[in-house]
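Read off the chains here:
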Amino acid sequence: MPDRRLVAVPLLLALAACSPAPSTTFELPSASAPPDPGIDPPPVQLLAAGARTPDRPQAQLTDWSERMSDELNIPRAALQAYGYAQVALGAESAECGMSWTVLAGIGAVESSHGRHGGSRLDETGRPTPRIIGLPLDGGEGVKQIHDTDGGVLDGDPVWDRAVGPLQFIPSTWREYESDADGDGVADPQDIDDAALTAGRYLCAVGHDMRDGERFWSALLDYNQSRSYGQEVLDYADHYGRTSRSLPAEG
């Protein structure tokens, strides 16, 4: 197993500046860990491990995502991915207490939920064009990580690059990869797969994301920048609180 602390800094993006946070018309208040978990997604039928399906199971959360997407400024496909990951992680490691708001906070900071650089998520949860970070060549502000995947995931046979809406480096992706939508491929460009994989990583490190100290331990293992972690926390808390303020359906 690779040393997590060596891969954690570029696990998402080597620099926060490589994928700026989404622009807002407000200033996020500084939050304390753990963030507000928000309105829980409704129960869904989870895929069995290794199961294949032609239908994206995250789409079961269409109505839930419709209620909040515009107000939160999160694409529906991304919200569905985060919500499904919460339910799936609750079933496999309930003690972790992973919330969709934490995954949404990471998605906001890393790629504006798959919209970085003009990308857009399609109906399968994949961004077009694909999201690929800067080469991790040891330049200013970035780690030096020589190619570990032959360029299969990032298209670079010389240096590793962070890939997808949640910006995994190839070596970390290979360790935790998940096929969350049952299409037979674990793809870091697929926000369904990336959300569940990110949640599994955080749960493996933090064990209980509802505990403030453990929350920070996991997030700083994910990315060693305290300012990055605070930005993720602030977005997560904002999403949770805002979701609770929305009118109930019907």
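For the structure itself, look to the data block above.
Counting from 1, residues in each chain are numbered in the order their sequence is written. Reporting of local features is limited, given that this is a predicted model, to residues whose pLDDT is at least 70; pairs of side-chain atoms are given and counted only at 80 or more, and all residues count toward the totals for whole chains, interfaces and linings. Side-chain measures here rest on the full set of heavy atoms in the structure, leaving out hydrogens and waters.

Visitor: I'd like a rundown of the nonpolar core, residues and numbers included.
Guide: Generally speaking, nonpolar side chains in soluble globular proteins are found buried as a group. Among the nonpolar cores identified, the biggest contains 55 residues, and Tyr82, Met98, Trp100 and Leu202 are the most heavily contacted of them. Helix and strand assignments follow DSSP, with helices taken as H or I runs no shorter than four residues and strands as E runs no shorter than two, numbered in order from the N terminus. Where this core is concerned, the elements lending two or more residues are helix H2 (62-72), helix H3 (76-92), helix H4 (100-111), helix H5 (170-176), helix H6 (191-206), helix H7 (212-222) and helix H8 (226-245). At ten residues, H3 tops the list of elements feeding residues into this core. Nonpolar cores were defined as sets of buried Ala, Val, Leu, Ile, Met, Phe, Trp, Tyr and Cys residues, with membership established by side-chain atoms within 4.5 Å. Residue burial is assigned from relative accessible area. The probe radius is 1.4 Å, only protein chains are included, and a residue is buried under 20% of its type maximum, exposed over 50%, and partly exposed in between. One finds Leu136, Val142, Ile145 and Ile169 within the second-largest nonpolar core, a separate group that totals five residues.

Visitor: Could you give an account of the pattern of salt bridges, naming the residues involved and the relevant values?
Guide: Throughout this description, the term salt bridge denotes a Lys or Arg side-chain nitrogen within 4 Å of a carboxyl oxygen of Asp or Glu. Under the counting rule described, the total for this entry stands at twelve salt bridges. As a salt-bridge pair, Asp36 and Arg244 come within 2.7 Å of each other at their nearest N and O atoms. Highlighted residues: Asp36 in the loop between helix H1 (4-8) and H2 and Arg244 in helix H8, separated in sequence by 208 residues. The residue Glu66 makes a salt bridge to Arg76 at a minimum N-O spacing of 3.0 Å. Here Glu66, found in helix H2, pairs with Arg76, found in helix H3; they are ten residues apart in sequence, far enough to count as distant. Using a relative accessible area of 27% as the deciding quantity, one classes Arg76 as partly exposed. Among the ionic contacts, a cluster of salt bridges with common partners joins Arg126, Asp183, Asp187 and Asp190.

Visitor: Please provide a residue-by-residue account of the state of the cysteines, values included.
Guide: By definition, a disulfide links the sulfur atoms of two cysteines through a covalent bond. By convention in this document, the label disulfide applies to cysteine sulfur atom pairs within 2.5 Å. Inspection of every chain in the model, using the stated rule, returns one disulfide. Through a disulfide, Cys96 is tied to Cys203; the S-S separation comes to 2.0 Å. Measuring handedness by torsion sign, the sulfur bridge of Cys96 and Cys203 sits at about -85° and is left-handed. Here Cys96 is found in the loop between H3 and H4, whereas its partner Cys203 is found in helix H6, with 107 residues between them in sequence. Judged on exposure class, the residue Cys96 and its partner Cys203 are both buried.

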